[in-house]
Amino acid sequence: MNPKTIIEPFKIKSVEPIRFTTREEREKILIEAGYNPFMIHADDVLIDLLTDSGTSAMSSKQWAAIMEGDEAYAGSKSFYRFEDAVKKITHMKYIIPTHQGRAAEKILFSIVGGPGKYFPNNTHFDTTRANIEFTGAEADDFLTEVGKHPEQRADFKGNMDIEKLESFIKEKGVENIPLCMITVTNNSGGGQPVSMQNIRDVKNLCNKYGIPLFIDACRFAENAYFIKLREKGYENKTPLEIAQEMFSYADGVTMSAKKDALVNIGGFLAMNDQGLAMKCRNLLIVTEGFPTYGGLAGRDLEAVAQGLTEVLDEHYLQYRLRSVEYLGEKLVAEGVPIIEPPGGHAIYIDAKRFVPHIKADKFPGQSIVCELYLEGGIRAVEIGSVMFGKYDKNNKLIPPPMELVRLAIPRRVYTQSHIDFLIEIIIEVFRNRNKLKGYKIVYEAPILRHFTARFEPV
Ligand code: F0G
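Computed from a predicted model, the values in this text were never measured in an experiment.

Visitor: Would you mind showing me how to read the overall build of the protein chain here?
Guide: When its secondary structure is counted, the protein chain shows 16 helices and 16 strands. Taking 458 residues into account, the globule formula puts the C-alpha radius of gyration at 23 Å, and the protein chain, at 21 Å, falls close to it. Projected onto the principal axes, the alpha-carbon positions of the protein chain cover approximately 60 × 55 × 45 Å. Here the protein chain holds 458 residues, and 58% of them are scored as buried. By sequence separation, contacts in the protein chain at least 24 residues apart represent 72% of the contacts at least 6 residues apart. Carbon and sulfur atoms make up 53% of the accessible area of the protein chain, which amounts to about 19500 Å² in all. Computed over 57 positive and 61 negative side-chain charges, the separation of the two mean positions in the protein chain equals 1 Å.

Visitor: Even after reading the chapter, I still don't get the environment of leucine 229, so can you show me in this structure?
Guide: Summarising the element assignment, leucine 229 is placed in helix H8 (residues 220-230). In sequence terms leucine 229 and aspartate 155 are 74 residues apart; their C-alpha atoms lie 9.6 Å from each other.

Visitor: Explanation requested: the domain arrangement of the protein chain in the structure shown.
Guide: Quoted interface sizes are often the accessible area lost when the parts come together. Along its sequence, the protein chain is organised into domain 1 (23-52 + 314-457) and domain 2 (60-310). One C-alpha centre belongs to domain 1, the other to domain 2; they are set 26 Å apart. Listed as interface residues are 29 residues of domain 1 and, on the opposing side, 36 residues of domain 2. Between domain 1 and domain 2 the total buried area reaches about 2800 Å² when both faces are included, carbon and sulfur atoms providing 58% of it. Of all residues in domain 1, Glu314, Leu317 and Pro341 bury the most surface against domain 2, accounting for 20% of the area lost on that side. The interface formed by domain 1 and domain 2 holds eight salt bridges in total. A salt bridge links aspartate 52 to arginine 219, with the shortest nitrogen-to-oxygen separation between them at 2.9 Å. Where domain 1 touches domain 2, the interface holds 16 residue pairs in polar contact (both at pLDDT 80 or more).

Visitor: How should I be thinking about the site of the ligand in this particular structure?
Guide: Around the ligand, the surrounding shell holds 17 residues, and the nearest of these are Thr51, Arg102, Asp216, Ser256 and Lys259. Separating an oxygen atom of the ligand from a side-chain N or O atom of threonine 51 is a distance of 2.6 Å. Between the ligand and serine 256, the relevant distance is 2.6 Å, taken from an oxygen atom to a side-chain nitrogen or oxygen of the residue. Within the complex, 94% of the 460 Å² of free accessible area of the ligand lies under protein.

Visitor: Would you take a moment to explain the packing of aromatic side chains for this structure?
Guide: Two aromatic rings, taken as a pair, are described by how far apart their centres are and by the angle between their planes. Tallying each qualifying case throughout the model produces 15 aromatic pairs. Between the aromatic rings of phenylalanine 79 and phenylalanine 82, the centroid separation amounts to 6.2 Å while the plane-to-plane angle is 40°, which identifies the pairing as tilted. Of the two residues, phenylalanine 79 and phenylalanine 82 are both situated in helix H3 (residues 77-90); the distance of three residues between them amounts to about one turn of the helix. Note on phenylalanine 79: relative accessible area 4%, which makes it buried. Counting every residue linked through ring pairs, the aromatic cluster contains Phe79, Tyr80, Phe82 and Phe268.

Visitor: When you look at the sheet that holds strand S8 (residues 267-271) in this model, what are you seeing that I'm missing?
Guide: Backbone hydrogen bonds are what pair the strands of a sheet, in a parallel or an antiparallel way. Strand order in this open sheet of five strands is S2-S8-S7-S6-S5, and the pairing throughout is mixed. This sheet does not close on itself; its edge strands, each paired only once, are strand S2 (94-98) and strand S5 (180-183). Along the sheet, successive strands turn relative to each other by an average axial angle of 15°, direction set aside. Pairing of strand S6 (residues 213-216) with strand S7 (residues 252-256), which is carried by three bridges, proceeds in the parallel orientation. Across the sheet, phenylalanine 214 pairs through a bridge with glycine 252, a residue of S7.

Visitor: Mind showing me how you'd approach the pattern of salt bridges here?
Guide: Two side chains of opposite charge can pair, provided their charged atoms sit close to one another. Evaluation of the coordinates by the stated rule reveals 33 salt bridges. A salt bridge links aspartate 260 to arginine 411, with the nearest nitrogen and oxygen atoms 3.1 Å apart. With aspartate 260 in the loop between S7 and S8 and arginine 411 in the loop between strand S14 (404-408) and helix H16 (416-431), the pair connects residues that are 151 residues apart, well separated along the chain. Across this residue pair, the class does not change: aspartate 260 and arginine 411 are buried. Within this structure, Asp52, Arg219, Glu222, Asp260, Arg320 and Arg411 form a network of salt bridges that share partners.

Visitor: Sorry if this is basic, but what is going on with helix H2 (residues 60-67) here?
Guide: Working note: α-helix, 3.6 residues per turn, so residues spaced by three or four point in the same direction. Residues of H2 that are buried: Gln62, Ala65 and Ile66. Relative to the axis of H2, the buried residues are bounded by an arc of 105° and lie together on one face. When the buried face of H2 is taken as reference, the exposed residues oriented beyond 90 degrees from it are Lys61 and Met67. Among the structural elements, H3 and helix H11 (298-310) are those in contact with the buried residues of H2.

Visitor: Just checking my understanding: could you explain the pairing of strand S3 (residues 118-121) for this structure?
Guide: One face of the sheet, then the other: side chains in a regular strand alternate in exactly this way. Side chains Tyr118 and Pro120 project from S3 onto one buried face, and the interleaved Phe119 and Asn121 project onto a second face that is buried too. Judged from the four bridges that link them, S3 and strand S4 (residues 138-141) form a sheet pairing that is parallel. Bridge assignment links tyrosine 118 to a residue of S4, and that residue is glutamate 138. The handedness of the S3 to S4 crossover, carried by helix H5 (residues 126-134), is right-handed.

Visitor: I would appreciate a short explanation of unusual backbone geometry in the present structure.
Guide: For residues besides glycine, phi is generally negative; the peptide bonds are generally trans as well. Of the consecutive residues valine 184 and threonine 185, the connecting peptide bond is found in the cis state with omega at -20°. Relative to the helices and strands, threonine 185 is located in the loop between S5 and helix H7 (196-209). Glutamate 340 connects to proline 341 through a cis peptide bond whose omega is -10°. With respect to the helices and strands, proline 341 occurs in the loop between helix H12 (314-333) and strand S9 (346-350).

Parameters and conventions
Residues numbered from 1 in each chain as written. Predicted model: local features only at pLDDT ≥ 70, side-chain atom pairs only at ≥ 80, totals over all residues. Heavy atoms only, no water. Helix = DSSP H or I, 4+ residues; strand = E, 2+ residues; numbered from the N terminus. Rg over C-alpha atoms; globule rule 2.2 N^0.38 Å. Buried < 20%, exposed > 50% of the residue type's maximum accessible area, 1.4 Å probe, protein only. Contact = heavy atoms within 4.5 Å. Areas by Shrake-Rupley, 256 points an atom, 1.4 Å probe, with all protein chains shown as cover. Lys, Arg positive; Asp, Glu negative; His and termini not counted. Charge placed at Lys NZ, Arg CZ, Asp CG, Glu CD. Domains from an automatic or database assignment. Buried area = accessible area lost by both parts, 1.4 Å probe. Salt bridge = Lys/Arg side-chain N within 4 Å of Asp/Glu carboxyl O. Polar contact = N/O pair within 3.5 Å; in protein donor to acceptor, adjacent residues only side chain to side chain. Near = heavy atom within 4 Å. Phe/Tyr/Trp six-rings, centres within 6.5 Å; stacked < 30°, edge-to-face > 60°. Pairing = 2+ DSSP bridges. Axes fitted to C-alpha atoms, helices over the stretch in contact; angles between N-to-C directions. Arc of directions from axis to C-beta. Right-handed = clockwise from strand over helix to strand, strands pointing away.

Written out as C-alpha cells, the structure is:
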C-alpha cells in the first residue's frame, strides 16, 4: 500500500474551542477595529492566519519539558540544554538567548549599525528593516528577479541576486557594510526558499570582500526541507544535515524561535566572533537579562530545545509543506491568483491580480483582508502598500513592488477541514471580487504603521 494522503503526524490531546460569530457581528467588530485586523480581539476570529509566529501548538514533550524548567538566575540547567540544541544545528560558538527575534536584531544592529552603514539581505523582514533604520543605517533588498513575479514558478524564489549584491558592495564600499544577511525562507517575498547553492554563492562573495554573513533563520527547517525536495544532491540527506550545511556558511544567526522552534515565545543570536559576542552579551544584560536566560524563563528555554528537535522530523516537515501546498493547489485550480509555487509557511494572495480595479493607494490587500473577515471570520494580513508603502516629498504613496495578502498557517494547529473551509471562503470572496472597494488611512504611526493604522472604506 502506498497511500497518497499525507496526514497530520500527530493526534490531538487538548483542544481549544473557536468562537463563531454572525456577519452582522463581524461588520460591527471590523468598524470598531478601524478595518485593521491587528486591532480585532482574537476571540472574535474563527480561523486566525494573521501569523505563524508564536502560534504553534506545542507537543506533549514540550509541555513536559516546561515542567523541567530550571529557573535559576544564572547558569540554569535549561540554558545548557537550549545551548546544546542550538549548537547541534548551527555549530555556532556563542549562543545568546533573547525573548524573540527582533530582540536579537535590536542587539545586533545597535552594535554594528549606525548612520552611513548598509545592510543587504534577500528581503528584510519589517522588524529587521526597522531595527536597522532605527540606528540610522540603510536596509537594502537584493531579491532575485524571478522572486518579484508572483505568477512565475521557480524552485528557489527566495534567492539573493548575487550580481546586484556585488555591484552594491563595490558602490557602497566594504568598510560601510558591517554584515550581509540572508533570510530563510524569505518571508516578505512569499515564504520562498533559498537554495544551498545560493547560500554558498553569497558566502563566497562575502568572503571575497571580508564581509560576515548572518542568516535570519526563523524558518530554517522549512527551508532545509525545500532543499531536500528540490535541490540535486540533497535527496538523501536528513533535514538536520541540510540545516547544518546551511549554517556552516554563516558567521552568525538571528532567530525567532516563535516559528521553527515550535514555541510561543523565544529567540536567539548566535555567532562565531568572540569580540562581537561579548558586546552583544553586555547589551543583552541591559535590555533582556543575564546571558543564561536573556529575557526568557528557564521553562521557555526547555520548550525551544525540544521544539528544535521536533521541527526537523521528516514526517512533520512533509506534512507542513504539503498542507500549505494543498491550500495553494485548490486556490490555483479556481483561478485565485497567488504567489506560485506556494511557500513554506503561508499562501500569499496576489492582490494586484485579485482586485485590479483597486489601485495601490487604495490598498487592494487591505480590502481583501477585510472581506475575508466579513465573509468567514478569517484573519489574514496585508503585505503591500500598508506594510511597506513610503511617501515621496509630495506625500504621494511609493508602493512596494508587490501587493499581497498573507494567509500564514500556524504550525500543528488547524486540520484539513479548517483548510477546506478556508478555501470555500476565499473562493466566495474571489467570485465577488468586483464588488470590493478600496480603503484610505485615517490614522498611522510613524514606524511599523500596519500594526495600529486605522482605515475607512472609500
Ligand atoms: N525575521 C523574520 C523573517 C520574521 O518573519 C520575523 C517575524 C522576525 C524576523 C522577527 O521575529 O517576531 O520573534 O520578533 N515574523 C512574524 C511574522 C512576526 O508574522 O511573519 P519576532
